[in-house]
Amino acid sequence: NFLNFVGEESDLDSEPDRGFTFSTFKPDWPPPPPTEPPPPPPTTNGQMDAPKVNQEKKSSAVSLNEDIGLGASQNSSPVPMTTGIEAVDVALVHHLQYCQHLLGNLGSFGPLRCKEMYSLDKLKKQAAILWQLRILVEEGRQQCGIVEACPALKDEPRLVDFWNCCCQGQDTVLYTTMDKLHQQLEVDNVRRLRIQYTDVSDKVLPELIRRMTDDYSPREEGFLTDGQPSILTIYQYTAYISSAEVSDIGSHVDFLAIELTTVQTLKSSNHEQAIKAVKKIGKGGVLPCKAILHTLGSLLLDPNPKVTSAASSCINTICTKSGGSNREKALVLYVECLEDKNPSIRSAGCAALGCMKARESMDDLLYLCQSDVDEVKRAARDALLALAYSSSLGDLTKIGEEGRLAYEHMGSLPGLPRVMSETGTPQESQTSF
């Protein structure tokens, strides 16, 4: 019995929730490269081909559906497994499918294995949710209130009211459909968004829903048929508002609108507006959100030198504030970029780490120099050169010990001399030490 297994094995209540820092992810790296690496899977622009990924996801989805009695197979039971409470069944299957999605990230190794570490942490939290569902089954709660189902919402009346509105017209508060969630968000916010945030009014609510679902779509994973509605459970809702420190949905929607407006301005083709927005962020001295930090990193690759100079100054100004705590947080976010599926974001992460003179990331940049696509290899190489050269003059006499070692490593990596020569780095400087 799966619920009994959760009850016997889960010990999450006795283990504190630990936050992540850069040091959390630091493994012994890099490992020695294999003499004859296996051929890579078919890729397009550094990513696995979509048909192969979708086929693998759908096959795992079919397997899970058969295991829980939702699919038809020769070996499946004619009667689907059930807890005896239909709403709990729906929520339980949804979270089991999400666990299946997270399990697919285990063994996904990059410079720091961020995706794997985060997935492990999320799986532990899913075990706690399964424990909550087990309690509802043991107590035979065919009907329960919002606070009974999720005690974490006990002191959050505004958040409870919003979720209650999302669940109107149905017999349970354990989940709501995506359609109802979107409709309620529109009723509460869309008029204000169109007046105050015209340029991003159509982007805010989809972005909020994407974050609430952790960018996970059961339909894209192959878990849902065309006739089955997508849902959001009360536990997903609570997890998001807790992690994002939300006390009121309306205020949070405004915050997201401001964030998206800032990102749009930073990406503007009007360089004067972009530079003005960058300087405003730097003057504030407050660590911006993840999306804005990512955009600042991408501006370091802009062909306009004024834009890159403003972005570099902004990042360094932010990192010097708050006694170095801003730098530590920014460092973690930019290292996470090195494992993003988008090569442009990986390149932006390299540029930002070079701008920050983050010698802690030297091994990770070396890994990308050896293993990534050419676009990212060049960005990683430039970041390593930033560690080697003086931040102002690029004088070889001012190279520090860490930068010198990085530069020597670059010359020793297979294929790096070719990449360096193709991008204009003098070959004789590789042996100048």
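The coordinates are above.
Residues numbered from 1 in each chain as written. Predicted model: local features only at pLDDT ≥ 70, side-chain atom pairs only at ≥ 80, totals over all residues. Heavy atoms only, no water.

1. Here's the deal with the environment of asparagine 105
Position of asparagine 105 relative to the elements: it lies in the loop between α3 (86–103) and α4 (114–138). The sequence separation of asparagine 105 and leucine 120 amounts to 15 residues, and the corresponding C-alpha distance is 8.8 Å. Those residues in contact with asparagine 105 that lie beyond four places of it in its chain are Lys115, Glu116 and Ser119. (Helix = DSSP H or I, 4+ residues; strand = E, 2+ residues; numbered from the N terminus. Contact = heavy atoms within 4.5 Å.)

2. Looking at unusual backbone geometry
In the Ramachandran plot, aspartate 214 falls in the positive-phi region, its phi being about 60 degrees despite a non-glycine side chain. Secondary-structure assignment places aspartate 214 in the loop between α8 (201–212) and α9 (218–221). A positive phi angle, close to 55 degrees, is found at glutamate 245, a residue other than glycine. Structurally, glutamate 245 is set in the loop between α10 (234–243) and α11 (249–266).

3. Digging into the packing of helix α7 (residues 178–196) against α8
Running from amino to carboxyl end, α7 crosses α8 at an angle of 145 degrees, the nearest separation of the two axes being 10 Å. By crossing handedness, the relation of α7 to α8 is classed as right-handed. Contact with α7, carried on its side by Met178, Leu181, His182, Leu185, Glu186, Leu193 and Arg194, involves Ser201, Val204, Leu205, Leu208, Ile209 and Met212 of α8 and no other residues of that element. Within the contact of α7 with α8, the residues separate by chemical class into nine nonpolar, two polar and two charged. (Axes fitted to C-alpha atoms, helices over the stretch in contact; angles between N-to-C directions. Left-handed = near helix turned anticlockwise from the far one by under 90°. Nonpolar A, V, L, I, M, F, W, Y, C, P; charged D, E, K, R; others polar.)

4. A closer look at the packing of aromatic side chains
This model, assessed by the stated rule, comprises three aromatic pairs. A centroid spacing of 4.8 Å and a plane angle of 25 degrees characterise the contact between tryptophan 163 and tyrosine 237, whose relative ring orientation is stacked. One end of the pair, tryptophan 163, is in helix α6 (residues 157–166); the other, tyrosine 237, is in helix α10, and 74 residues separate them in sequence. A single burial state applies to tryptophan 163 and to tyrosine 237, both of which are buried. (Phe/Tyr/Trp six-rings, centres within 6.5 Å; stacked < 30°, edge-to-face > 60°. Buried < 20%, exposed > 50% of the residue type's maximum accessible area, 1.4 Å probe, protein only.)

5. Here's the deal with the side chain of glutamine 236
Along the polypeptide, glutamine 236 turns up in helix α10. We classify glutamine 236 as buried; its relative accessible area is 11%. Those residues in contact with glutamine 236, other than ones at most four positions away along the chain, are His94, His95, Met212, Thr213 and Ile231.

6. Let's talk about the side chain of glutamate 259
In this fold, glutamate 259 is placed in helix α11. Since its relative accessible area comes to 4%, glutamate 259 is described here as buried. Leaving out residues up to four positions away in the same chain, glutamate 259 has contacts with Arg211, Cys289, Ala291 and Ile292.

7. Let's talk about the pattern of salt bridges
If you walk through the whole model with that rule in mind, you get 14 salt bridges. As a salt-bridge pair, lysine 125 and aspartate 121 come within 3.4 Å of each other at their nearest N and O atoms. Of this pair, lysine 125 and aspartate 121 both sit in helix α4, separated by four residues, roughly a single helical turn. Exposure remark for aspartate 121: the relative accessible area of 16% places this residue in the buried category. For the salt bridge of aspartate 215 with arginine 210, the shortest nitrogen-to-oxygen distance reads 3.7 Å. (Salt bridge = Lys/Arg side-chain N within 4 Å of Asp/Glu carboxyl O.)

8. Here's the deal with the state of the cysteines
Under the definition given, this model contains zero disulfides. With no disulfide of its own, cysteine 314 lies closest to cysteine 319 among cysteine sulfurs, the gap being 9.1 Å. Considering cysteine sulfurs only, cysteine 369 is the nearest to cysteine 350, which forms no disulfide, with 7.5 Å between them. (Disulfide = S-S within 2.5 Å.)

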